[in-house]
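Given next are the chains, with one letter for each unit.
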Amino acid sequence: MEKAGKKAKESRTVMTQIIFPLDTNHHDTMFGGKVMEYMDKVAAIAAMRHARMQVVTASTDSLDFVAPIKVGEVIEIEAYVTRTNHSSMEVYVSVQSENLFSGHKTTTVTAFFTFVALDDYGKPAQVAPIIPETEEECSLYESAPERYMLRKKRIRQRNLTV
């Protein structure tokens, strides 16, 4: 039985953080691992909002650090589900930094996370398909099958070398 579709915006999740010296490395820029932690949390919430059940991170790819995040800046991490398969969900996550004094905003990190929905017994569970509405949502929805195939290919290649 196929579940009814859900709009991508229903999963949209945003978190805002100010960056303190303890969040940064010796270059006074934010630790990449700390950014990844925030991204994973926001992506998980987006996936749970879509599935309305437990989820686990299955994959992270196309994690691109495109600009540094400096101490004193604020970051806004935004995530939403872009496409689903039977039990998996692709979640797009973007991070924007903002200088609170100038108001200048910069996209600093982007990535795609894959989550699997789990039922009460810890087994993969079916999720609803996505209904994209905005131009960005439609673009990411249409390009998702190619990313899905690349993930599957990467997993197959790793299994051959193990």
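Going by the structure above, here's the rest.
Just so we're clear, the structure is a prediction, and the values are computed from it rather than from any experiment.

(A) Structural view of the overall build of the protein chain. In terms of helices and strands, the protein chain carries 2 helices and 7 strands. Put simply, the protein chain runs from its N terminus to its C terminus through helices and strands in the order β-β-α-β-β-β-β-β-α. In terms of overall dimensions, the protein chain is globule-like: its C-alpha atoms have a radius of gyration of 17 Å, near the 15 Å expected for 162 residues. Its C-alpha atoms give the protein chain principal-axis dimensions of roughly 55 × 40 × 30 Å.

(B) Here's a closer look at the pattern of salt bridges. Tallying each qualifying case throughout the model produces 10 salt bridges. The salt bridge partner of Asp 61 is Arg 151, with a shortest N-O separation of 2.5 Å. In this pair, Asp 61 is assigned in strand S3 (residues 54-65) and Arg 151 in helix H2 (residues 135-161), connecting sequence segments 90 residues apart. You'll find Asp 61 and Arg 151 in the same group, each marked buried. A salt bridge links Asp 61 to Arg 154; the shortest N-O distance between them is 3.9 Å. A residue pair is termed long-range when its members are at least 10 positions apart, and Asp 61 in strand S3 and Arg 154 in helix H2 qualify at 93 residues.

(C) Structural context of the environment of Tyr 80. By secondary structure assignment, the location of Tyr 80 is in strand S4 (residues 74-84). Along the backbone, Tyr 80 and Ala 8 are 72 residues apart, and their C-alpha atoms lie at a distance of 6.3 Å. There is a polar contact of 2.9 Å between the side chain of Tyr 80 and the side chain of Glu 136.

(D) Spatial organisation of the packing of aromatic side chains. In the structure shown here, the tally under the stated rule is 3 aromatic pairs. Here the aromatic rings of Tyr 80 and Tyr 92 are separated by 6.2 Å at their centres, their planes lie at 70°, and the arrangement is edge-to-face. With Tyr 80 in strand S4 and Tyr 92 in strand S5 (residues 88-98), this pair connects stretches of sequence that are 12 residues apart. The residues Tyr 80 and Tyr 92 share a single accessibility class, namely buried. On the numbers, 5.3 Å between centres and 50° between planes, the contact of Tyr 92 with Phe 112 is tilted. Placement of Tyr 92 in strand S5 and of Phe 112 in strand S6 (residues 105-118) is noted, with a sequence separation of 20 residues between them. Residue Tyr 92 is classed as buried on the basis of its relative accessible area, which comes to 14%. By relative accessible area, Phe 112 is classed as buried at 9%. Every member of this aromatic cluster is reached through a ring pair, and the members are Tyr 80, Tyr 92 and Phe 112.

(E) Broad picture of a nonpolar patch on the surface. On the surface, Ile 18, Phe 20 and Leu 100 cluster together into a nonpolar patch covering about 280 Å² of accessible area. For Ile 18, a relative accessible area of 36% gives the class partly exposed.

(F) Highlighting the sheet that holds S5. Here we have 5 strands laid out as an open sheet, ordered S2-S4-S5-S6-S3, and antiparallel in their pairing. Pairing within the sheet leaves two strands with one partner each, and these edge strands are strand S2 (13-18) and S3. In this sheet, neighbouring strand axes are inclined to one another by 25° on average, regardless of whether the strands run parallel or antiparallel.

(G) Seen up close, the environment of Lys 70. Along the chain, Lys 70 falls in the loop between S3 and S4. As a C-alpha pair, Lys 70 and Phe 31 span 39 residues in sequence and 9.9 Å in three-dimensional space. Excluding residues within four positions of it along the chain, Lys 70 makes contact with Ile 19 and Asp 28.

(H) Quick peek at the nonpolar core. Met 39, Met 89, Val 91 and Phe 115 are the most contacted members of the largest nonpolar core, which has 33 residues in total. Broken down by secondary-structure element, the contributors of at least two residues to this core are helix H1 (32-51), S4, S5 and S6. Here the element with the most residues in this core is H1; it accounts for 9 residues. With residues up to four places along the chain from it excluded, the contact list for Phe 115 reads Asp 40, Ala 43, Ala 44, Ala 47, Val 55, Val 56, Thr 57, Ala 58, Ser 87, Ser 88, Met 89 and Val 91.

Parameters and conventions
Residues numbered from 1 in each chain as written. Predicted model: local features only at pLDDT ≥ 70, side-chain atom pairs only at ≥ 80, totals over all residues. Heavy atoms only, no water. Helix = DSSP H or I, 4+ residues; strand = E, 2+ residues; numbered from the N terminus. Rg over C-alpha atoms; globule rule 2.2 N^0.38 Å. Salt bridge = Lys/Arg side-chain N within 4 Å of Asp/Glu carboxyl O. Buried < 20%, exposed > 50% of the residue type's maximum accessible area, 1.4 Å probe, protein only. Polar contact = N/O pair within 3.5 Å; in protein donor to acceptor, adjacent residues only side chain to side chain. Phe/Tyr/Trp six-rings, centres within 6.5 Å; stacked < 30°, edge-to-face > 60°. Patch = residues over 30% accessible without salt bridge, like charges linked within 9 Å, V, L, I, M, F, W, Y side chains within 5 Å. Areas by Shrake-Rupley, 256 points an atom, 1.4 Å probe, with all protein chains shown as cover. Pairing = 2+ DSSP bridges. Axes fitted to C-alpha atoms, helices over the stretch in contact; angles between N-to-C directions. Contact = heavy atoms within 4.5 Å. Core = buried A, V, L, I, M, F, W, Y, C linked by side-chain atoms within 4.5 Å.

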